[in-house]
Amino acid sequence: MELTKYSVSGARHILQRYHTLGLDGLGDGRAHNQGAPTVLSPDEQQQLAVHLRHDFDQGVVWDGKMLQQWIQEQFGKEVYLSRTYEFMRLAGFSPQHPRPRHVGGDEAAKEAFKSKS
């Protein structure tokens, strides 16, 4: 254990796998892990990309909440907000946020600054 840096429970788990499966049990199991299934099918992702592109051409910029609601209405699927940003990136878009405006900003001073530069 000092050589491999495994914990006692980790070493016991590996030993049990070896006794059960032989040498095949010592291999890295992550290589065959396909991961979680995708939330949207390829056809649904294509519909989403077309819809985003059409709205973008019309001047509508989507955010995660709007996309989350649209997916719920169109496909009847609940998705986490963070997943909506993944879908946007897959469709070739990035999440857009307007620059924050200072509440106490002076409009006249801003215009005077713009005219100087």
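This text follows the structure it describes.
Residues numbered from 1 in each chain as written. Predicted model: local features only at pLDDT ≥ 70, side-chain atom pairs only at ≥ 80, totals over all residues. Heavy atoms only, no water.

1. Observations regarding helix H2 (residues 42-57)
Part 1: Its 16 residues place the ends of H2 23 Å apart at the C-alpha level, agreeing with the 22 Å of an ideal helix rising 1.5 Å per residue.
Part 2: Residues of H2 that are buried include every one of Glu44, Leu48, Leu52 and Asp55, and no others. Within H2, the buried residues cover an arc of 70° as seen down the axis, which keeps them to one side. Relative to its buried face, H2 has exposed residues pointing more than 90 degrees away, namely Pro42, Asp43, Val50 and Asp57. (Helix = DSSP H or I, 4+ residues; strand = E, 2+ residues; numbered from the N terminus. Expected span 1.5 Å × (residues − 1). Buried < 20%, exposed > 50% of the residue type's maximum accessible area, 1.4 Å probe, protein only. Arc of directions from axis to C-beta.)

2. Concerning unusual backbone geometry
Part 1: Positioned with a positive phi, Lys5 is a non-glycine residue whose angle comes to about 65°.
Part 2: The topology assignment puts Lys5 in the segment before helix H1 (8-21).
Part 3: On the basis of relative accessibility, which here comes to 68%, the residue Lys5 falls in the exposed class.

3. Concerning the packing of H2 against helix H3 (residues 64-75)
Part 1: Contact geometry of H2 with H3 gives a least axis separation of 12 Å together with a crossing angle of 130°. Taken together, H2 and H3 sit at an angle that is classed as oblique. The two elements H2 and H3 cross, and the hand of that crossing is right-handed. Every residue of H3 that contacts H2 at Glu44, Gln47, Leu48 and His51 is listed here: Leu67, Trp70 and Phe75. (Axes fitted to C-alpha atoms, helices over the stretch in contact; angles between N-to-C directions. Parallel < 35°, antiparallel > 145°, perpendicular 65-115°, else oblique. Left-handed = near helix turned anticlockwise from the far one by under 90°. Contact = heavy atoms within 4.5 Å.)

Keep in mind that these numbers describe shape and distance, not what the molecule does.
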